[in-house]
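Remarks on the overall topology
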Amino acid sequence: RELAVEALGRVARLAALCRALRRREAEGDEAGWAQAQEEAEAARRELREIVRPLREPGYREALRRKAERARKRRLRLQRRKQEAKAAKEEEAARAAEREAKIDQWRAKCIQEVEEKNRERELKAAADSVLSEVRKKQADTKRMVDILRALEKLRKLRKEAAGRKGVCPPPSADEAFENQVESLQTLLKNRTELYEAEERALRVMLEGEQEEERKREMEKKQKKEREKLLQQKLEIDSKLFGDPDEFPLAHLLQPFREYYLQAEHSVAALIQIRHEWDQFLVPADHPEGSCIPPGWVLPSLPTNDTWATAVR
């Protein structure tokens, strides 16, 4: 490139000197014409020296190879740049997926903590109300005991006064009995009211406990289902390959469809069960064994060559 630029510069200078020679010749300026001719000859020699390497044999091929190497280097750099960009984007996607999983796990933990706090607050409030109701019941019972003690005390005082010959009028006994009966009715109503409140609170607490047991059971069942699903995926991956690694058009897909056809067709399920039932034998049969409850997984490779073939 540098040679070409320099040669083009000499060509432009030589063209300008040629125009100057024609102008001097037209004007009849011999001294100027001679000077311009010398400068043109010098420029022509310089141009010849500059383009001499371009005329050497093999130079064009070497230049072509050098240009090809430069082109390949540019393509290689572009490919590396694209690969680095793709790796960066993939890492960013994995980081975003990890962040999403972390956020999901954090939100789940926060939700569980909030649910436990709400349940604890509800239970504390219910216990507080139940404690208040029990306190009221204890107060009512104490009042009943006091009322019975008053009745007993009046009876004792009345007997002592009778022994002394002092008898209270019947109106006093009637007034006392009416007052005691009124207080007993009031205390009885309060006792029934407090018992109803206690039963309602106990029903509410039992309902909360039942809901808690149901939630715990659902969580346990969900974990069991996820565990079974994970085990099924691992078994399917060992038998048929990873579905993310092998697309639907993979060569293992027909085998996968064949071995899993019973999951999508009742007729296929009946046919497979009929074929399997022909080989049913007792557990202690000397010529056979019972059908395994699940997939028969392949054993692990015993040497490096086998492991390479499996991979």
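Residues numbered from 1 in each chain as written. Predicted model: local features only at pLDDT ≥ 70, side-chain atom pairs only at ≥ 80, totals over all residues. Heavy atoms only, no water.

**Comments concerning the overall build of the chain**
Helix and strand counts for the chain come out as seven helices and zero strands. Order of helices (α) and strands (β) in the chain, N terminus to C terminus: α-α-α-α-α-α-α. For the chain, the C-alpha radius of gyration of 53 Å lies well beyond 19 Å, the compact-globule estimate for 311 residues. Relative to its full complement of 311 residues, the chain shows a buried share of 10%. For the chain, restricting intrachain contacts to residue pairs at least 6 apart in sequence, the fraction spanning at least 24 positions comes to 63%. When the accessible area of the chain is evaluated, it comes to approximately 26400 Å², of which 56% is carbon and sulfur surface. The chain carries 67 positive and 61 negative side-chain charges, and their two centres are separated by 5 Å. (Helix = DSSP H or I, 4+ residues; strand = E, 2+ residues; numbered from the N terminus. Rg over C-alpha atoms; globule rule 2.2 N^0.38 Å. Buried < 20%, exposed > 50% of the residue type's maximum accessible area, 1.4 Å probe, protein only. Contact = heavy atoms within 4.5 Å. Areas by Shrake-Rupley, 256 points an atom, 1.4 Å probe, with all protein chains shown as cover. Lys, Arg positive; Asp, Glu negative; His and termini not counted. Charge placed at Lys NZ, Arg CZ, Asp CG, Glu CD.)

**Observations regarding the packing of helix 1 (residues 2–27) against helix 2 (residues 30–55)**
Contact pair helix 1 / helix 2: the axes reach a minimum separation of 9 Å and the direction vectors enclose 160 degrees. Considering their axes alone, helix 1 and helix 2 lie roughly antiparallel with respect to each other. By crossing handedness, the relation of helix 1 to helix 2 is classed as left-handed. (Axes fitted to C-alpha atoms, helices over the stretch in contact; angles between N-to-C directions. Parallel < 35°, antiparallel > 145°, perpendicular 65-115°, else oblique. Left-handed = near helix turned anticlockwise from the far one by under 90°.)

**Concerning the domain arrangement of the chain**
By the assigned domains, the chain splits into domain 1 (1–55), domain 2 (101–212) and domain 3 (250–309). When each unit is reduced to the centre of its C-alpha atoms, the spacing between domain 1 and domain 3 is 91 Å. (Domains from an automatic or database assignment.)

**A few points about the side chain of Thr140**
Mapped onto the secondary structure, Thr140 falls in helix 3 (residues 59–163). Apart from the residues within four sequence positions on either side, Thr140 is in contact with Leu187, Arg190, Thr191 and Tyr194.

**So, the UniProt feature "coiled-coil region" (unreviewed entry) in the chain**
Mapped onto this numbering, the UniProt entry annotates "coiled-coil region" (unreviewed entry) at residues 60–108 and 206–234. What you have in residues 60–108 is 100% helix and 0% strand, and the ends, taken at the C-alpha atoms, are 71 Å apart. In the segment residues 206–234, helix accounts for 100% and strand for 0%; the C-alpha atoms at its two ends are 42 Å apart. (UniProt positions renumbered as here; feature names shortened; annotations may be inferred.)

**Brief notes about helix 1**
Between the first and last C-alpha of helix 1 there are 38 Å, a value that for 26 residues agrees with the 38 Å anticipated at 1.5 Å per step. Looking one or two places after helix 1, you find Gly28, whose phi comes out positive at around 80 degrees. (Expected span 1.5 Å × (residues − 1).)

**Some words on the packing of aromatic side chains**
Tallied over the full model, the rule gives one aromatic pair. Taking 5.2 Å as the distance between ring centres and 75 degrees as the angle between the ring planes, the aromatic pair formed by Tyr258 and Tyr259 counts as edge-to-face. (Phe/Tyr/Trp six-rings, centres within 6.5 Å; stacked < 30°, edge-to-face > 60°.)

**Concerning helix 6 (residues 266–277)**
Count 3.6 residues to each turn of an α-helix, and residues three or four apart come out pointing the same way. An ideal rise of 1.5 Å per residue puts 16 Å on twelve residues; helix 6 measures up with 16 Å between its terminal C-alpha atoms. The opening residue of helix 6 is Ser265, an N-cap whose side-chain oxygen sits 3.5 Å from the backbone nitrogen of Ala267. (Polar contact = N/O pair within 3.5 Å; in protein donor to acceptor, adjacent residues only side chain to side chain.)

**Observations concerning the nonpolar core**
Grouped together as the largest cluster of nonpolar side chains are ten residues: Ala7, Leu14, Leu17, Leu21, Ala36, Ala40, Ala43, Leu47, Ile50 and Val51. Sorting the residues of this core by element identifies helix 1 and helix 2 as the ones contributing at least two each. Membership of the second largest hydrophobic core comes to five residues, among which are Leu130, Tyr194, Leu201 and Leu205. (Core = buried A, V, L, I, M, F, W, Y, C linked by side-chain atoms within 4.5 Å.)

**A closer look at the pattern of salt bridges**
For side chains bearing opposite charge, pairing can occur when the charged atoms are close. Here the structure, examined in full by the defined rule, presents twelve salt bridges. Of the charged contacts, one joins Arg64 and Glu61 as a salt bridge, the two residues approaching to 2.4 Å between their closest N and O atoms. Taken together, the residues span about one helical turn, with Arg64 and Glu61 both in helix 3 at a distance of three residues. Measuring nitrogen to oxygen at the nearest pair gives 2.4 Å for the salt bridge that ties Arg71 to Glu68. Highlighted residues: Arg71 and Glu68, both in helix 3, separated by three residues, approximately one helical turn. One network of salt bridges, in which partners are shared, links Glu90, Glu91, Arg94 and Arg98. (Salt bridge = Lys/Arg side-chain N within 4 Å of Asp/Glu carboxyl O.)

**Topic: a nonpolar patch on the surface**
On the surface, Phe255, Tyr258, Tyr259, Trp295 and Leu297 cluster together to form a nonpolar patch covering roughly 550 Å² of accessible area. Within the secondary structure, Phe255 is located in helix 5 (residues 253–259). Taking the relative accessible area as the measure of exposure, Phe255 reaches 48% and is therefore partly exposed. (Patch = residues over 30% accessible without salt bridge, like charges linked within 9 Å, V, L, I, M, F, W, Y side chains within 5 Å.)

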